[in-house]
Amino acid sequence: TVVGTGPGTGKTFTMDEYADRAGSTVRVTMSPSSGNLMAMMQSVLAALGVEQRRLSKADASAMVVARITGRRMLLVIDEGNWLTLESIEQLRNWHDVTG
């Protein structure tokens, strides 16, 4: 699901409220410095509790998939407007692969 509205309309507040009620939600906030593919994957891995280390893109992606497959959780990306197309496609791939 994608939500896109103007700034200050309550997207982050709504996401936090949902996470408090639903539980098992991992939120990652993007920024200009985390928009490229590797930085985005490192941010997601950190939010999933994976210790930071140097990984290839393929290994980092596989690690994310391993962490979220079979778990009843929601991965939420806030400030996704900073992501590159490659990063957005990676998120889409994770969704497709993990169901």
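This is a predicted model, so every value here is computed, not measured. By convention here, each chain's residues receive numbers from 1 onward along its written sequence. With pLDDT at 70 or above as the cut-off, local features in this predicted model cover only qualifying residues; side-chain atom pairs require 80 or more to be listed or tallied, and sums for whole chains, interfaces and linings still use all residues. As a convention, hydrogens and water are excluded, and side-chain values are obtained from all of the structure's heavy atoms.

(A) Region of interest: the confidence of the model for the protein. Looking at the protein as a whole, the pLDDT averages 91, with 98% of positions reaching at least 70. Per-residue confidence from the predictor is given as pLDDT, running between 0 and 100. Comment: elements are numbered from the N terminus, with helices defined as DSSP H or I runs of at least four residues and strands as E runs of at least two. When mean pLDDT is compared element by element in the protein, helix 2 (residues 37-47) scores highest at 97, while helix 1 (residues 11-22) scores lowest at 85.

(B) Broad picture of the packing of helix 2 against helix 3 (residues 57-68). Direction vectors running N to C along helix 2 and helix 3 enclose 30°, while the axes themselves pass 10 Å from each other. Considered as vectors, helix 2 and helix 3 are oriented roughly parallel to each other. Judged by the twist between their axes, the crossing of helix 2 over helix 3 is left-handed. Across from Leu37, Met38, Met41, Val44 and Leu45 in helix 2, the residues of helix 3 making contact are Lys57, Ala60, Ser61, Met63 and Val64. Where helices are involved, their axes are fitted lines through C-alpha atoms of the stretch in contact, as for all axes, and angles between N-to-C directions lie from 0 to 180°. Here is the rule for angles: anything less than 35 degrees is roughly parallel, anything more than 145 is roughly antiparallel, 65 through 115 is roughly perpendicular, and the remaining ranges are oblique. Crossing chirality is assigned from the near helix's rotation relative to the far helix, an anticlockwise turn below a right angle marking it left-handed and a clockwise turn marking it right-handed. Any two residues whose heavy atoms approach within 4.5 Å at even a single point are treated as in contact.

(C) Representation of the packing of helix 2 against helix 4 (residues 85-98) within the structure. At a closest axis distance of 8 Å, the pairing of helix 2 and helix 4 adopts a crossing angle of 45°. By the criterion of interaxial angle, the relationship of helix 2 to helix 4 is oblique. The handedness of the crossing between helix 2 and helix 4 is right-handed. Contact residues: Leu37, Met40, Met41 and Val44 in helix 2; Glu86, Ser87, Gln90, Leu91 and Trp94 in helix 4. Within the contact of helix 2 with helix 4, the residues separate by chemical class into 6 nonpolar, 2 polar and 1 charged. When residues are sorted by character, Ala, Val, Leu, Ile, Met, Phe, Trp, Tyr, Cys and Pro go into the nonpolar class, Asp, Glu, Lys and Arg into the charged class, and all the rest, Gly among them, into the polar class.

(D) How the structure looks around the nonpolar core. By nonpolar core we mean a set of buried residues, namely Ala, Val, Leu, Ile, Met, Phe, Trp, Tyr and Cys, connected to one another through side-chain atoms within 4.5 Å. For each residue, the accessible area found with a 1.4 Å probe, counting protein chains only, is set against the maximum for its type, and the residue is called buried under 20%, exposed over 50%, and partly exposed in between. Ranked by size, the top nonpolar core spans 19 residues in total, and within it Met40, Met41, Val44, Leu48, Val64 and Trp94 carry the most contacts. With 6 residues, helix 2 is the largest single contributor of residues to this core.

(E) Quick peek at helix 2. Among all positions in helix 2, only Leu37, Met38, Ala39, Met40, Met41, Val44 and Leu45 are buried. Here the buried face of helix 2 lies against strand 1 (25-29), helix 3, strand 2 (74-78) and helix 4. In protein, a polar contact means a hydrogen-donor-capable atom and an acceptor-capable atom, both N or O and within 3.5 Å, with residues adjacent in sequence counting only if both atoms are side-chain atoms; elsewhere, any N or O pair within 3.5 Å suffices. With a side-chain oxygen lying 3.2 Å from the backbone nitrogen of Met38, the N-terminal cap of helix 2 falls on Asn36. Phi turns positive, to about 85°, at Gly49, one or two residues after helix 2.

(F) Region of interest: the pairing of strand 1. Residues Val26 and Val28 point to one face of strand 1 and are all buried, whereas Thr25, Arg27 and Thr29, pointing to the other face, are not buried. For two strands to pair, DSSP has to find at least two bridges joining them. Relative to strand 2, strand 1 runs parallel, the two being bridged by 5 bridges. Its bridge partner lying in strand 2, Thr25 is registered against Leu74.

(G) Local environment of the environment of Met40. Mapped onto the fold, Met40 is located in helix 2. With relative accessibility at 0%, the residue Met40 sits in the buried group. With 51 residues separating them along the chain, Met40 and Leu91 place their C-alpha atoms 9.4 Å apart. Those residues in contact with Met40, other than ones at most four positions away along the chain, are Met30, Ser34, Leu83, Ser87, Gln90, Leu91 and Trp94.

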